[in-house]
Amino acid sequence: MSIQIKVKKLNLHNAIQFVFVAAGSGDDSAIHTHFLFCWRVASETLLVMAQNGKMLLAEAIVEDAEVTVDVADDVKEVSFTVPAWRLVKFLGAAKDEDTITLDHDGSSTRAKQPKGSGRFGSLDPNGPNGWPWWTDTYAAAKSTTKIASNRLADILAYSRNFVSDQEQRSPALCAMECKDGMLSATDSEAVGLVRSPTLANSEMRIHGKDVAAALSALAQCKEEEVTLLEHDRCLFIVRANGSYIGISRWIHQFPMMKNLNFDSSATPKCSFTVKTADLTGAMDFLEAFAKKDYGYLHFRFNDGRIVVAMESGSGDPNGEEHTIDCVAHDSMDALAAAGHSEFRLSKKFVRTVASTFGEETIQFRVDVTQKNGYVSFYHDRDDDEYCTVIVWKRKD
């Protein structure tokens, strides 16, 4: 068996760039560190695939490739592997317009470009430790929606801010999950919810560590529409040309959050609105003087203004404060009446809300519970509703 591929460097690079995020790391002797090239005889389609042996897989079409094979007439596809990182290095030395030639003789692969040629070691994709073909899983996956790639990227990128990293303690919270058109994520300190009509039929469940791979693939789609194919074991994000990335479904089911009311029309106990620039400016200012790595903001209402404070880095028991004007406020006296002179929120989540939506103002909707309280934020983007809830940090 032999196969020769001739293709422009740019076309090969584009396909490899899409799948490389799924490639595994380690020694060249492990097949999950390789790209697999697969020539499908009947459709005359050249594919390149990658997988990390765990949670990720990807497949892309190599456009405008000239392929010559020497195989028996009944052979339906021809495949071989090359070490992923080595091929990426090899392509990096070529110009976009250069012709790349890959000659596989059944045991190794010679790669050629204008600068010269060299030989890659190849592995048997059909051997005992061969390629984990996922053809049946892909065929059985069901289409749940079509969505603009940039819209899906915005939803995933925002939601991953709220995924827990405590896998040993709370594995169910280390993923985001979609149900009834709502993608939910939480680390128990804050909750990120996105309600999207395009996700009404989706039940995706993605581990937080795998979101970066999805975003990398979506970034290469620009604004094209992608299709979500879902299987009990995998989510496939499919481009219009048939290329896709696959993400294994996290095994732990996301918990139900029955007491959380996603209703932007509901009236909070009290609220205040400030200019976003004033809020981010206050955080930047306070961080210059606050205790290093102190992660909370103290909020106190005072005569139409909000006092934002952090613990002092110099040991001042009064802390560091900065006052900003309210654009609007409503029923803030109810907070003191409920026995709360101030509340504390995680600074990283406040900054996430303030920096994401590009709005001139930001409204804090404050509610009190029997034991604590929380602040909620609502935003609309691309016909999707974003709700963020940050629970008060209790006093030490």
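All of the points below concern the structure found in this document.

Parameters at a glance
Residues numbered from 1 in each chain as written. Predicted model: local features only at pLDDT ≥ 70, side-chain atom pairs only at ≥ 80, totals over all residues. Heavy atoms only, no water. Phe/Tyr/Trp six-rings, centres within 6.5 Å; stacked < 30°, edge-to-face > 60°. Helix = DSSP H or I, 4+ residues; strand = E, 2+ residues; numbered from the N terminus. Buried < 20%, exposed > 50% of the residue type's maximum accessible area, 1.4 Å probe, protein only. Pairing = 2+ DSSP bridges. Polar contact = N/O pair within 3.5 Å; in protein donor to acceptor, adjacent residues only side chain to side chain. Contact = heavy atoms within 4.5 Å. Axes fitted to C-alpha atoms, helices over the stretch in contact; angles between N-to-C directions. Left-handed = near helix turned anticlockwise from the far one by under 90°. Nonpolar A, V, L, I, M, F, W, Y, C, P; charged D, E, K, R; others polar.

1. Considering the packing of aromatic side chains
Note on aromatic pairs: each is described by the distance of the centres and the angle between the planes.
Step number 1: Throughout the structure, instances matching the rule amount to 21 aromatic pairs.
Step number 2: An angle of 15° between the planes, with centres 4.6 Å apart, marks the rings of Phe 272 and Phe 364 as stacked. Residue Phe 272 is located in strand β18 (residues 270–275), and its partner Phe 364 is located in strand β24 (residues 361–368); the two are separated by 92 residues in the primary sequence. Neither Phe 272 nor Phe 364 differs from the other in exposure class; each is buried.

2. Comments concerning the pairing of strand β2 (residues 34–40)
Step number 1: Burial analysis of β2 places six of its seven residues in the buried class, which makes it a mostly covered element.
Step number 2: Across seven bridges, the pairing between β2 and strand β6 (residues 77–83) is antiparallel. Bridged to Trp 39 within β6 is Val 78.
Step number 3: Bridging between β2 and strand β3 (residues 45–51) involves five bridges; their strand directions are antiparallel. Residue pairing across strands places Trp 39 opposite Leu 46, the latter belonging to β3.

3. Overview of the side chain of Gln 220
Step number 1: Among the secondary structure elements, Gln 220 is positioned in the loop between α5 (211–219) and β15 (225–230).
Step number 2: Within polar-contact distance, the side chain of Gln 220 engages the backbone oxygen of Gln 17 at 3.2 Å.
Step number 3: Ignoring any residue separated from it by four or fewer positions in sequence, one finds Gln 220 in contact with Asn 14, Gln 17, Phe 18 and Arg 239.

4. Let's talk about the packing of helix α1 (residues 9–19) against helix α2 (residues 84–92)
Step number 1: Contact geometry for α1 and α2: axes closest at 11 Å, N-to-C directions at 145°. In this structure, α1 crosses over α2, and the sense of that crossing is left-handed. The residues of α2 that touch α1, namely those facing Lys 9, Leu 12, His 13 and Ile 16, are Leu 87, Val 88 and Leu 91.
Step number 2: In the contact of α1 with α2, the residues fall into five nonpolar, one polar and one charged.

Just geometry here; none of it tells us what the structure is for.
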